[in-house]
Structures are given as C-alpha cells and as structure tokens.
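Results of the structural survey
Residues per chain, in single letters:
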Amino acid sequence: TQVTAYRAAIINCLADPNQVGLDGSYDYYEDGVLVVTDGHISDIGSAKEVLARLPVQTQVVEFKDKLLSAGFVDTHIHYPQTEMIASYGEQLLDWLNNYTFPEEGKFSDPEHAKRVARFFLDELLRNGTTTALVFGTVHKASVDAFFTESEQRNMRMIAGKVMMDRNAPDYLLDTPETGYADSKALIERWHNKGRQLYAVTPRFAPTSSEAQLTMAGQLLAEYPDVYLQTHLSENKQEIEWVKSLFPERAGYLDVYDHFGLLGERSVFAHSVHLDQAESERMGETDSIISFCPTSNLFLGSGLLDLPEVEGHGIRVGLGTDVGGGTSFSMLHTISEAYKIQQLQEHKLHPIKALYLATLGGAASLSLDDKIGNLSVGKEADFLVLDLHATPLMDARIANSQHLFEQLFVLMMLGDDRAIAETYIAGHRQYQRERG
Ligand code: GUN
Ligand code: FE
C-alpha cells in the first residue's frame, strides 16, 4: 500500500448549507492533514490529531500558504466546442448554425478528436475540474477518443455521443437506428470501465425526431444506471420552436417526459425559463438542472432563479457549458453565478457556492458516495489552491479576516491561476509552473 499525508489548510464541504445550516455544512482546518491510501482518502483532520495517529514512517507533503479542497465537478460541458469558445455575436439558434455545427463537423476525423480531447482534459486539470459531464459529437469515434484519454488520466468522467437526426446539416445527422446502436456499443465498451460512465445524449428536442427520442428512452430502460444529458428551456426562440415541432405536448419539458427521459440521473442544462408546472415535475421526478451562468450571459439566454428551482426540490449542479460558456474555470463560473443571483436580489454564500462546485455537483450526479468532498473512503480527487495567485489576490487576502471572506475573494478574483496542483485518485496530474 501507498500512503501519503498532505499538510495545509483544508476546506471540506459536508452537506448543503440550505439543508443543514451553515455551521454543520463544512469543516475547516487551519492546519490540517489529509491522508491518502492507495488513491482513497483514509484520514482527515487537524494536523495535531492526524499526525498523532499516523504511522511514524508516513511521508508528509507540506504546502505553505495553500488551501486543500475537493476537485471541482462541472455538470455540463462540450469537449468538441473547446476551440470555438468566444464566438461572436449570436444567440443560441444562430450560434449553433453559424459556429457550432461546422466546428463539430471536424470530429469526423478521429485524429482531430484525439488532439482536442487531450487539450480539453489538460485544460480541465489546469482549472481544477476533476469530474465532468461531457457532450461528444454525433460521431461515435469522438466518444471513443474522449474516454481513451480520460481513462489514461484516470479521471472520473461521464460522456456520451450526441444523438441528432434532424434540423442540422446532413454531415452531423445520425438516424434513430444508428444513434441507438452506436450509443449501445459505447455503453457496452465504456460504462463503468475504470472511472468512466456513460450518458445517453440527445442534443435537444429540436434535433431529434420522435423515433429517436423513443430510442433514447429505450436505452435508459435497458441500462437503468446510465445517465441522460440534454438541454432544456435555454432560449425563448428555442422554446417556441419546440412548441411548434411538438404541438401535441404540453411544453418543452413534457417532450422529454413523454419519452421517459426524466429521472434521478437526468441532467438538463440551463432550464432558465421553466414554468411552475415544469419546475414541479422536475422536482417530482428528481431530475437535475445544470446551472451554466457564463453561457446564459454570453448567449443572452436568461437568469436562473436558484432559490426558486431549489424550492421545488430540484437538485442543481454548476456547469461551464464551454463553448457556449466562456471559461473552463469553475471559480470564474461561481463568480458569474453570484452576479446572476445578485440581479435577482438573492445572495450566494461562498460556502454554498463551493458546495455547488464540489459536493453538490457530485450529489447532482449521484456520485457523492465516491467523490465531491474529502471524507474518508472517497476517491482522492483534490486541489491545492493558491489564494495569493496574483498580486491583487495577495493584497486582498492580506486584508481579509474571516474564512468566508477569503473564499469569496478566491471566487471573485480567482481562475486557473489559483490552481497550484490537481490530484486525481491520489496522483498529481497537474502542477502550475512557477511564475
Ligand atoms: N442547445 C442545443 N445544443 C446546444 C449547445 O451545443 N450548446 C448550448 N448552450 N445549447 C445547446
Ligand atoms: Fe450545452
């Protein structure tokens, strides 16, 4: 067995502060020790207590002026859109047609897919994201390339092949039959292979026929422990389009509901314009919203009312939605989430924000038994955070007294520069170069 102890300040989320109250929702050790045994967390606590019970010969790695945290969980991102991030000027539907579809067409080439998958996963690590729920393209090989690379890095990733059989260029279309067969083959090859997990991925209602949505429901019925990821109620024009394409359904969510796509492993990106009945139905079915603040602002989509949807019992995770989103950084994503709540006169407490980006994200993916915090028994995916990463952060942190204030400064000013190291299952997979 391999045992290593890491000594630094440690912040560890324990539960949703809205459920248990702020005090019981986290542990903080100003001088803490985290112990990793064979890729899993085996002890955590104050240095005084943990060092006393640690076998004497254990290697102790000490970090000066750093903060350990669980890795970030990004609940919605498109790896094939990495190199089209920051595409100018359009809202959702024109953005898809003018920029996104041509870019995704490049993934018919497996070499291109491999190169972008590598870059993408390295970018996640640079930003401290250790788990993500990821869209591929319509091409089966795009997902093979992705999982091949994520397995090599031993990252816990969920991904799926996009299903789309209409309302997009011919070169990006599958059929109900090929979409089903390719998804099935990928599930058989990758689901639960090492740390990899599969998500059935109809792009969104407008690009799937009824026959294809039926097949998506069929896959979920055959494989009850795979995920479902799609987009929902993002843009006003999109919502009107869905109503005209599915006139017999009560609304956008009802399209997915009709085909059996709701449930406790179903993640709906955006969901910023749900009506009361839709929010209730989401809560009732234990479906999940991925809140994608930078994307919702960049594409001019709308503002998610977090207390409102949480009030309906809907689980929420945070997503970057690269390349509709503008940053891989979950710290930056938190900052924009905070501002979106401010516009609606809601507060987003830094502990709640950290929860959403870590344990809450893991819980939204039903992975909180494996990842999301630093509790004993979890897989050791963790970050070494640098609150002094820039001159401004350093000056502002020196002027902050309380933990909450320091975390808030990290979230408002921090980004990839604040990620000093990223550990995956106990192995360091990223170390920032000294500037
Ligand atoms: N709706 C359908 N496809 C997409 C996509 O690629 N990005 C976003 N943000 N919304 C979508
Ligand atoms: Fe998206």
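Rules and cut-offs
- Residues numbered from 1 in each chain as written.
- Chains lettered and ligands numbered in written order.
- Predicted model: local features only at pLDDT ≥ 70, side-chain atom pairs only at ≥ 80, totals over all residues.
- UniProt positions renumbered as here; feature names shortened; annotations may be inferred.
- Helix = DSSP H or I, 4+ residues; strand = E, 2+ residues; numbered from the N terminus.
- Buried ≥ 20, exposed ≤ 12 C-beta atoms within 10 Å, placed from the backbone.
- Contact = placed C-beta atoms within 7 Å.
- Axes fitted to C-alpha atoms, helices over the stretch in contact; angles between N-to-C directions.
- Parallel < 35°, antiparallel > 145°, perpendicular 65-115°, else oblique.
- Left-handed = near helix turned anticlockwise from the far one by under 90°.
- Near = placed C-beta within 6 Å.
- Nonpolar A, V, L, I, M, F, W, Y, C, P; charged D, E, K, R; others polar.
- Expected span 1.5 Å × (residues − 1).
- Pairing = 2+ DSSP bridges.
- Domains from an automatic or database assignment.
- Core = buried A, V, L, I, M, F, W, Y, C linked by C-beta atoms within 7 Å.

The name given to the chain in an unreviewed UniProt entry is Guanine deaminase, and the organism recorded there is Oceanisphaera pacifica. Annotation of the chain in UniProt includes, under Catalytic activity (unreviewed entry), the sentence "guanine + H2O + H(+) = xanthine + NH4(+)". Quoted straight from UniProt, the Sequence similarities (unreviewed entry) entry for the chain says "Belongs to the metallo-dependent hydrolases superfamily. ATZ/TRZ family."

1. A few points about the overall build of the chain
Scanning the chain from terminus to terminus reveals 17 helices and 16 strands. The proportion of buried residues among the 435 residues of the chain is 54%. Considering only contacts within the chain whose residues lie at least 6 apart along the sequence, 73% involve residues at least 24 apart.

2. So, the packing of helix α16 (residues 391-398) against helix α17 (residues 403-413)
Packing of α16 against α17 brings their axes to within 10 Å, and their N-to-C directions diverge by 160°. Classified by the angle their axes make, α16 and α17 are roughly antiparallel. Classified by chirality, the crossing of α17 by α16 is right-handed. Contacts between α16 and α17 involve Leu392, Met393, Arg396 and Ile397 from the first element and Gln406, Val409 and Leu413 from the second.

3. Here we look at the site of ligand 1
In the vicinity of ligand 1, the contacting residues are His78, Leu92, Leu96, Thr100, Arg203, Phe204, His231, Glu234, Ser295, Asp321 and Gly324. The biggest single contributor to the shell around ligand 1 is helix α3 (residues 92-105), with three residues. Of the residues that constitute the shell around ligand 1, the class distribution is three nonpolar, five polar and three charged.

4. Things to note about the UniProt feature "domain: Amidohydrolase-related" (unreviewed entry) in the chain
In the numbering used here, UniProt assigns the feature "domain: Amidohydrolase-related" (unreviewed entry) to residues 68-426. Taken end to end, residues 68-426 is 44% helix and 17% strand, and its first and last C-alpha atoms sit 13 Å apart.

5. What to know about helix α4 (residues 110-126)
Helical periodicity: at 3.6 residues per turn, an α-helix aligns residues three or four positions apart in one direction. Taking 1.5 Å of rise per residue, the 17 residues of α4 would be expected to cover 24 Å, and the 24 Å separating its terminal C-alpha atoms lies within 8% of that figure. Within the span of α4, buried status applies to Ala113, Val116, Ala117, Phe120, Leu121, Leu124 and Leu125. On the buried face of α4, the contacting elements are β6 (129-135), α5 (140-152), β15 (419-424) and β16 (427-431). Just beyond α4, the residue with positive phi is Gly128, at close to 80°.

6. Let's talk about unusual backbone geometry
Trans is the common state for peptide bonds, and a negative phi is the common state for residues other than glycine. With an omega of 5°, the peptide bond between Val322 and Gly323 qualifies as cis. Within the secondary structure, Gly323 sits in the loop between β13 (315-318) and α13 (330-343). In this structure, Asn167 is a non-glycine residue whose phi angle is positive, near 55°. Along the chain, the position of Asn167 falls in the loop between β8 (162-163) and α6 (176-190). A tally of 18 C-beta atoms within 10 Å means that Asn167 is categorised as partly exposed. Notably, Ser366 is not glycine yet its phi reads approximately 50°, a positive angle. With respect to the helices and strands, Ser366 occurs in the loop between α15 (359-364) and β14 (382-385).

7. What to know about the sheet that holds β14
The strand order β3-β2-β1-β4-β14-β15-β16 describes an open sheet built from seven strands, whose pairing is mixed. Two strands lie at the open edges of the sheet, namely β3 (40-46) and β16, each paired on one side alone. Between one strand axis and the next, the sheet turns through 35° on average, direction left out of account. As paired elements, strand β2 (residues 26-37) and β3 share six bridges and run antiparallel to each other. Among the inter-strand pairings, Val33 is bridged to a residue of β3, identified as Gly45.

8. A few points about the domain arrangement of the chain
Domain assignment breaks the chain into domain 1 (3-71 + 373-431) and domain 2 (72-364). A straight line from the C-alpha centre of domain 1 to that of domain 2 covers 29 Å. Contacts between domain 1 and domain 2 engage 31 residues on the former and 28 residues on the latter. For the side of domain 1 that touches domain 2, the secondary structure elements donating two or more residues are β1 (3-13), α1 (17-20), β4 (59-70), α17, β15 and β16. For the side of domain 1 that touches domain 2, a count of residues per class yields 18 nonpolar, eight polar and five charged.

9. Re the nonpolar core
By size, the foremost hydrophobic cluster in this structure holds 132 residues, and its most contacted members are Leu34, Val134 and Tyr227. The element that contributes the greatest number of residues to this core is α4, accounting for seven residues. Two domains share this core, each providing at least three of its residues, namely domain 1 (3-71 + 373-431) and domain 2 (72-364). Contacts of Val134, omitting those with residues within four sequence positions, involve Ile77, Tyr79, Phe146, Met157, Ile158 and Ala159.

10. Thoughts on the environment of Glu151
Tracing the sequence through the fold places Glu151 in helix α5. Distance from Glu151 to Ser46, taken between C-alpha atoms, is 34 Å for residues 105 residues apart in sequence. Those residues in contact with Glu151, other than ones at most four positions away along the chain, are Lys193, Gly194 and Gln196.

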